[in-house]
Structure formats: C-alpha cells, structure tokens
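An overview of the molecular structure
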Amino acid sequence: MTISQLFNIANLFVLPFWALMILLPNWKVTRQVMSSYLPFVLLAGAYVYLFINSITPENAQALSNPQLADIARFFTDETAAATGWIHFLVMDLFVGRWIYWEGQKTGIWTIHSLALCLFAGPIGLLSHILTDWIVKTFFPKSQQNETVTVGEKAAS
C-alpha cells in the first residue's frame, strides 16, 4: 500500500464516525459505535507506521529541538505530511468524540461544534466550551431539563 493510498483510506475512514455524531447523535448505534476505542487504535496504528517510516536521524534531531524552519522542511516529505495529517485525524476525532459524549451527558447542543471540529479541531473545541458556558450561564434550567430528557431517551 502506498502512502497516498493510506492517506486516502484514513480520510475516508473517519467520515462515518463524524456523520453518525453529527447527523444521528441520539441513535443507539451511534452510541455503541462511539463508545469503542477501536477507531482510534486503527488510526493510531496507521500513524505509528507512518511515523516510523518518516523518521530519519536528521528528522529526529530536528524534532528534538524544533525550530519552525526545521518543521517546515520535515513536512515537505510526503510521508511526514501524511503522518501529520493522520495525527490531525486521530486527535480531531478524539476531541469530537469527547464533545459528542459531553453533549449526550449534558443535553447541550453539539452539532455546530462537531462540524467545526471536523474541519478545524481546536475551533470546534472552543465552540463547545463557549456553548457549554453560555448554556450553563444563561439557561441553567433548560440544561437540567435537557439532561433528564437525554437520560430518559438513553434508558429507553
């Protein structure tokens, strides 16, 4: 399998998880799928494979005391770029999963934060933190009612 094929497979691999969390967040299957760590194990395995294949003695030395120019040079290599991209995929999906479960637990709306996290992980995380703060600060009664409703739905 080429680096390009692994890159393409990893990109496609994460999409069903995002689709479930964004489009069908309260579906029983979504909860079951998102309770598993298997997607992260598979993606992390691809990351480890690429990481090992992208590290040279020069890269290792440059990464041990990173300078911006060294990092830029490191990512000009296709394997290193794919490694970095899969790093983003793993971490963004992990953060998205956390946002998803926080929404399930608290009843706070997460669709916007998950969509942002899919395309720009830290912005999605910030969006969820702000949404959580706004709901808790300005609508505390609403959140309590939603939490009960979500809990009742999960029980049924």
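Predicted model, so just to flag it, every value in this text is computed and none were measured.

So, about the side chain of D92. Structurally, D92 is set in helix α6 (residues 78–106). The side chain of D92 is buried and forms no salt bridge, while R97, the nearest opposite charge, is found at 14 Å. Apart from the residues lying within four places of it in its own chain, the contact partners of D92 are W18, C117 and G121.

Moving on to the UniProt feature "transmembrane region" (unreviewed entry) in the chain. Taken from the UniProt record, the annotation "transmembrane region" (unreviewed entry) applies to residues 6–24, 36–56, 82–100 and 107–130. Taken as a whole, residues 6–24 contains 95% helix and 0% strand, while its terminal C-alpha atoms sit 28 Å from one another. Within residues 107–130, the helical portion is 79% and the strand portion 0%, while the C-alpha atoms at the span's ends are 15 Å from each other.

Let us now look at the packing of α6 against helix α7 (residues 111–119). α7 packs onto α6 with a crossing angle of 175° between their chain directions and a minimal axis gap of 9 Å. Overall, the two elements α6 and α7 adopt an arrangement that is roughly antiparallel. For the pair α6 and α7, contact is made by D92, V95, G96, I99 and Y100 and by S113, L114 and C117, respectively. A per-class count over the contact of α6 with α7 returns five nonpolar, two polar and one charged.

Under the criterion given, the structure shown has three salt bridges. A salt bridge links D70 to R73, with the shortest nitrogen-to-oxygen separation between them at 2.3 Å. Highlighted residues: D70 and R73, both in helix α5 (residues 68–74), separated by three residues, approximately one helical turn. Its relative accessible area of 22% is what places D70 among the partly exposed residues. Judged by relative accessible area, R73 falls into the exposed class, the value being 53%. With its nearest N and O atoms 3.2 Å apart, the salt bridge here joins K136 to D132. One end of the pair is K136 and the other is D132, both in helix α8 (residues 121–138) and four residues apart, which spans about a single turn.

Thresholds, definitions, all that
Numbering of residues begins from 1 in every chain and follows the order in which that chain's sequence is written. Local features in this predicted model are restricted to residues whose pLDDT is 70 or higher, and side-chain atom pairs enter the listing and the counts only when it is 80 or higher, whereas totals over whole chains, interfaces and linings include all residues. Hydrogens are left out, water is left out, and the side-chain values use all remaining heavy atoms of the structure. Here a strand is any run of E in DSSP of at least two residues, a helix any run of H or I of at least four, and the numbering for each starts at the N terminus. Categorising residues by exposure relies on relative accessible area from a 1.4 Å probe, with only protein chains included: less than 20% of the type maximum marks a residue as buried, more than 50% marks it as exposed, and the intermediate range marks it as partly exposed. We treat Lys and Arg as the positive residues and Asp and Glu as the negative residues; His and chain ends play no part in the count. Salt-bridge detection follows one rule: a side-chain nitrogen of Lys or Arg within 4 Å of a carboxyl oxygen of Asp or Glu. Any two residues having at least one pair of non-hydrogen atoms within 4.5 Å are treated as being in contact. UniProt positions are given in the numbering used here, feature names are shortened, and annotations may be inferred rather than shown by experiment. Axis lines are fitted to C-alpha atoms, over the contacting stretch for helices. Their N-to-C directions set the angle, which ranges from 0 to 180 degrees. Throughout this description, any angle smaller than 35 degrees is read as roughly parallel, any larger than 145 degrees as roughly antiparallel, any in the 65 to 115 degree range as roughly perpendicular, and the remainder as oblique. Residue type decides the class: Asp, Glu, Lys and Arg count as charged, Ala, Val, Leu, Ile, Met, Phe, Trp, Tyr, Cys and Pro as nonpolar, and the leftover types, Gly among them, as polar.

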